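# Fold and contact review
These are the residues of each chain, in order.
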Amino acid sequence: MSDFNSELETRLVRYAAIDSQSDADSPSAPSTAIQHALLDLLKSELEEIGAQDVVKTDYGTVIATIPGTVPGPTVGFLAHVDTAPQFNATGVKPRVIKGYNGGAITFPDDPELTLTPEEFPYLAEKLGHDIVTASGLTLLGADDKAGVAIIMTAARHLLQNPDIPRPTMRVAFTPDEEIGRGVDARLPADLGADFAYTFDGGAVGEIEYESFSADGAVVMVKGVSIHPGLAKDKLVNAAHLASKIVMTLPHVTLTPETTDDRDGFIHLTDMNGGSSEMRLKFILRDFELDGLEAKGALLRQVCDAVAATEPRAEITCTITSQYRNMRYWLETDMTPVDLARNAARELGVEPVSVPIRGGTDGSRLTEMGVPCPNLFTGMQNIHGPLEWVSVQDMALATDLCLSILRRAGG
Ligand SMILES: [Zn+2]
């Protein structure tokens with residue numbers, strides 16, 4: 001095993017300090033201009049370490065080749081540069097706690113905040129590790145800059161050691177993963193990998209090949225608008241009807257806050273408008289397509305039932321596909337999953353495959369023909385101020401990347 005700790009730490013701290021939050025409400029690609037700063041930095045760093053074919057595509061993905069020395073499949077590795085819109089990600093001040101002593105971790109910019117091994121037992125396993133956190137006011141963005149640092153470190157190591165046998169490695173850093181727009185239609189062809197991996201997972205050992213299947217739904221409610229002073233028997237209040245839809249949907253089951261493991265949900269994410277017109281946005285999630293379809297059918301049924309109580313209103317429900325469970329494709333050829341599992345075992349890490357209650361860039365890539373499981377980085381408590389990652393966990397992930405490539409080369 002190689003000692004990558006100081007390189008990983010420096011890279012993560014450097015990347016995390018660059019703001020790169022994405023924005024679901026922006027129509028541009030990348031969704032925010034600030035993501036270019038990190039993309040451009042990675043492009044020049046790849047050039048500096050001697051990577052080939054380094055490009056930033058016009059859809060904002062940085063792609064490069066680490067040339068192979070033996071025949072074998074072309075293996076892609078991906079990580080995303082954007083940070084989550086769900087929490088403050090502006091002015092991230094990463095800091096490193098060297099040789100964690102097992103106690104509570106406090107934060108310089110928010111004295112109320114503590115990270116304890118009692119509340120987060122995974123932290124208790126990291127005695128003596130170097131722990132990276134933010135300062136208390138922002139998320140850290142180890143999701144997914146830990147993945148970026150891991151791939152960059154592995155690429156640098158291979159380029160500096162041309163004697164290490166490996167097939168061709170392709171690297172891609174994508175924007176906008178957090179808002180579900182990380183995989184452009186052109187990426188599979190531009191990446192040119194036989195299969196790929198995202199480094200976007202959590203605890204050491206996680207090798208994930210199953211994600212949610214996901215649809216989005218928009219419900220439009222049009223009422224009848226008229227001056228309230230003249231409204232008797234004429235006004236139809238869209239806000240009342242929208243509330244009825246929300247209250248008729250299940251609350252003690254089928255919501256994100258009442259489900260876990262393999263259960264899917266219907267989640268109301270937005271509710272906007274007024275008495276004349278309302279727009280409701282939902283996300284529908286399930287691991288199985290029939291379960292997903294049933295959730296869409298239930299939502300339509302509720303809309304129809306509410307519409308039947310007020311024929312003068314107009315209620316429409318539009319459901320669109322977002323991504324599909326990558327298991328449907330990977331279970332027909334488990335080669336990339338088995339390769340990663342065996343590589344992990346070689347490092348003394350027992351692989352764990354838990355279904356992801358979400359999607360990754362790999363969900364879309366797999367559906368588009370590039371099988372793409374998700375690998376651990378060590379990141380914890382993502383999308384919030386208690387986010388942290390162990391540098392030693394990232395080093396294990398870097399070794400996993402190198403071990404996968406060595407095994408892919410035969
Ligand atoms: Zn991520």
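Residue positions within a chain follow its written sequence, with the count starting from 1. Predicted model: local features are reported for residues with pLDDT of at least 70 only, side-chain atom pairs are reported and counted for 80 or more only, and whole-chain, interface and lining totals are derived from all residues.

Moving on to the overall build of the chain. The helix count covers DSSP runs of H or I at least four residues long, the strand count covers runs of E at least two residues long, and both are numbered beginning at the N terminus. Secondary structure assignment for the chain yields 11 helices and 16 strands. Its C-alpha atoms give the chain a radius of gyration of 23 Å, within 12% of the compact-globule value 22 Å for 410 residues. Counting only C-alpha atoms and orienting by the principal axes, one finds that the chain spans roughly 85 × 50 × 35 Å. A sequence separation of at least 24 residues applies to 78% of the contacts in the chain between residues at least 6 apart. In this description the radius of gyration comes from C-alpha coordinates, and the expected globular size is given by 2.2 Å times residues to the power 0.38. It is the C-beta atoms, placed from the backbone, that decide contacts: two residues are in contact if theirs lie within 7 Å.

Right, let's talk about the sheet that holds strand β7 (residues 131-133) for a bit. DSSP-based pairing: two strands are paired if at least 2 bridges between them are found. In spatial order, the strands read β4-β7-β16; together these 3 strands make up an open sheet with antiparallel pairing. Either end of the sheet is taken by a strand with one partner, and the two such strands are β4 (95-97) and β16 (388-390). Adjacent strand axes in the sheet meet at a mean angle of 25° when their direction is disregarded. Bridge count between β4 and β7: 3 bridges; the pairing is antiparallel. Residue pairing across strands places Ile97 opposite Ile131, the latter belonging to β7. Where helices are involved, their axes are fitted lines through C-alpha atoms of the stretch in contact, as for all axes, and angles between N-to-C directions lie from 0 to 180°.

It is at 9 Å that the axes of helix α1 (residues 5-16) and helix α4 (residues 142-160) come closest, and there the two elements cross at 135°. In terms of their interaxial angle, α1 and α4 are classed as oblique. Between α1 and α4 lies a crossing whose hand is right-handed. Contact residues: Glu7, Leu8, Arg11, Leu12, Tyr15 and Ala16 in α1; Ala142, Lys145, Ala146, Val148, Ala149, Ile150, Met152 and Thr153 in α4. Just so you know the grouping, Ala, Val, Leu, Ile, Met, Phe, Trp, Tyr, Cys and Pro go in nonpolar, Asp, Glu, Lys and Arg go in charged, and all remaining residues, Gly too, go in polar. By residue class, the composition of the contact of α1 with α4 is 10 nonpolar, 1 polar and 3 charged. Here roughly perpendicular refers to angles of 65 to 115 degrees, roughly parallel to angles under 35, roughly antiparallel to angles over 145, and oblique to all remaining angles. Crossings are sorted by hand: turned counterclockwise from the far helix by less than a right angle, the near helix makes the crossing left-handed, and turned clockwise it makes it right-handed.

Our focus in this paragraph is the nonpolar core. In this structure, Ile150, Ile151, Ala196 and Cys401 are the most contacted members of the largest nonpolar core, which totals 82 residues. The biggest single contributor to this core is helix α11 (residues 391-408), with 11 residues. Here Ile150 is in contact with Leu8, Phe199, Thr377, Met394, Ala397, Thr398 and Cys401, once residues within four sequence places are set aside. Think of a nonpolar core as buried Ala, Val, Leu, Ile, Met, Phe, Trp, Tyr and Cys residues, each tied to the set through C-beta atoms within 7 Å. Using C-beta atoms placed from the backbone, we call a residue buried if 20 or more other C-beta atoms fall within 10 Å of its own, exposed if 12 or fewer do, and partly exposed for counts in between. Core analysis: the second largest hydrophobic core is formed by 20 residues, Val219, Ala238, Ala242 and Val302 among them.

We now examine the UniProt feature "domain: Peptidase M20 dimerisation" (unreviewed entry) in the chain. UniProt positions are given in the numbering used here, feature names are shortened, and annotations may be inferred rather than shown by experiment. Those residues carrying the UniProt feature "domain: Peptidase M20 dimerisation" (unreviewed entry) are residues 210-304 in this numbering. Annotated as residues 210-304, this span is 28% helix and 31% strand, and its ends, taken at the C-alpha atoms, are 33 Å apart.

The next point concerns α11. Helical periodicity: at 3.6 residues per turn, an α-helix aligns residues three or four positions apart in one direction. Taking 1.5 Å per residue as the helical rise, α11 with its 18 residues ought to reach 26 Å, and the 26 Å between its terminal C-alpha atoms agrees with that figure. Across the 18 residues of α11, 15 count as buried, placing the element largely inside the fold. Immediately beyond the C-terminal end of α11, within one or two residues, lies Gly410, with a positive phi of roughly 100°. A helix is expected to span 1.5 Å multiplied by its residue count minus one.

Take the domain arrangement of the chain next. Segmenting the chain into domains produces domain 1 (5-210 + 325-408) and domain 2 (213-323). Of the residues in the side of domain 1 that touches domain 2, the class split is 1 nonpolar, 4 polar and 3 charged. In this entry, domain limits derive from an automatic or database-based domain assignment.

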